[in-house]
Amino acid sequence: KTSHFLMGGAAYNPGKDLLVSARAGFEDRDRDAGPGTTTPYVELSSRYTYAEGSFLAAGYTYTIEEPSDVTNYTDADVNRFFVNVQHRLSGTITASSSLTYEPSQLQGRPGVHGDTDEKTTRLGLGLSWQPTKNWSVSGTCDLDDVNSDDVNRGQNRSRYGVSARFTF
């Protein structure tokens, strides 16, 4: 596959605490083993900073992506809604969370598979401690739920992580 992208956008600050942005564009895909296609991309988002180190962000994205199963599907028509919150609990501790909901349709490969509807919900939680300006330690929890009309694609997944980072 060969892809070419064209995208443009704008951001607007109606106040010192609010940012609104929009992007639009397209991807032109040429495939060796199938027909090429031109796919749109749209992203609308906003971010409200309500305290130092604390914000609420939300948005919507529409795109056509390459699916994880390219044997049965050519593309995935995806609507993605998201909300992110980061809240500084103290000078060194920050909590964060994100929620994403993605209703999508997998476009079946002609003669191989029909179109398939899916709904994916993702929840992420994190807690970060920065004892010095160079060190940070984080703990995360990610929960994914995929409901698919294709019984072989549905899944529930829980992932937990701990990391430490040194920057200089």
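The structure displayed is predicted, hence computed values, not measured ones. (Residues numbered from 1 in each chain as written. Predicted model: local features only at pLDDT ≥ 70, side-chain atom pairs only at ≥ 80, totals over all residues. Heavy atoms only, no water.)

(A) Focus on the overall build of the protein. Scanning the protein for helices and strands turns up zero helices and nine strands. In sequence order, the secondary structure elements of the protein are arranged as β-β-β-β-β-β-β-β-β. Scaling as 2.2 N^0.38, a compact globule of 168 residues should have a C-alpha radius of gyration of about 15 Å, whereas the protein reaches 19 Å, well beyond that. Taken along its principal axes, the extent of the C-alpha atoms in the protein is 60 × 35 × 30 Å. For the protein, the proportion of contacts with a sequence separation of at least 24, taken over those separated by at least 6, is 42%. Accessible surface, the protein as shown: approximately 10600 Å² in total, 55% of it carbon and sulfur. Positive and negative side-chain charges of the protein, numbering 16 and 21 respectively, have mean locations separated by a distance of 9 Å. (Helix = DSSP H or I, 4+ residues; strand = E, 2+ residues; numbered from the N terminus. Rg over C-alpha atoms; globule rule 2.2 N^0.38 Å. Contact = heavy atoms within 4.5 Å. Areas by Shrake-Rupley, 256 points an atom, 1.4 Å probe, with all protein chains shown as cover. Lys, Arg positive; Asp, Glu negative; His and termini not counted. Charge placed at Lys NZ, Arg CZ, Asp CG, Glu CD.)

(B) Summary view of the environment of P35. Within the element layout of this structure, P35 appears in the loop between strand 2 (18–30) and strand 3 (37–51). For P35, a relative accessible area of 65% puts it in the exposed group. Along the sequence, P35 and T74 sit 39 residues apart, while their C-alpha atoms lie 9.6 Å from each other. (Buried < 20%, exposed > 50% of the residue type's maximum accessible area, 1.4 Å probe, protein only.)

(C) Inspection of the pattern of salt bridges at higher detail. Applying the stated criterion to the full structure yields eleven salt bridges. Between R157 and D144 there is a salt bridge; the shortest N-O distance is 2.7 Å. On the criterion of sequence distance, the pair formed by R157 in strand 9 (residues 155–166) and D144 in strand 8 (residues 135–148) is long-range, its members being 13 residues apart. Residue classification places R157 among the partly exposed positions, given a relative accessible area of 34%. (Salt bridge = Lys/Arg side-chain N within 4 Å of Asp/Glu carboxyl O.)

(D) A look at the packing of aromatic side chains. Considering all chains together, one arrives at three aromatic pairs under this definition. A ring pair is formed by Y60 and F81, whose centres lie 4.9 Å apart and whose planes are at 45°; its orientation type is tilted. Placement of Y60 in strand 4 (residues 54–65) and of F81 in strand 5 (residues 73–88) is noted, with a sequence separation of 21 residues between them. According to the relative accessible area criterion, F81 is partly exposed, its value standing at 40%. (Phe/Tyr/Trp six-rings, centres within 6.5 Å; stacked < 30°, edge-to-face > 60°.)

(E) Local environment of the pairing of strand 9. Bridge count for strand 8 against strand 9 is twelve bridges, and the pairing is antiparallel. Its bridge partner lying in strand 9, W135 is registered against F166. Taking the residues that link successive antiparallel strands as the turn, the strand 8-strand 9 hairpin has six residues. (Pairing = 2+ DSSP bridges.)

(F) Expanded view of the pairing of strand 4. Both strand 3 and strand 4 contribute to a ladder of ten bridges, which runs antiparallel. Considered in strand 4, the bridge of L44 is made with Y60. Pairing of strand 4 with strand 5, which is carried by eleven bridges, proceeds in the antiparallel orientation. If you follow L56 over to strand 5, its bridge partner there is V85.

(G) Focus on the sheet that holds strand 5. The sheet built from nine strands is open, its strands ordered 1-2-3-4-5-6-7-8-9 with antiparallel pairing. Strands at the two margins of the open sheet, each flanked by one partner only, are strand 1 (2–15) and strand 9. Geometrically, the sheet is characterised by an average inter-axis angle of 10° between neighbouring strands, direction not taken into account. (Axes fitted to C-alpha atoms, helices over the stretch in contact; angles between N-to-C directions.)

(H) A look at the side chain of T74. Among the structural elements, T74 can be located in strand 5. Accessibility expressed as a relative area gives 16% for T74, which makes it buried. Look past the residues within four positions of T74 in its chain and what remains in contact with it is R31, P67, Q107, G108, R109 and P110.

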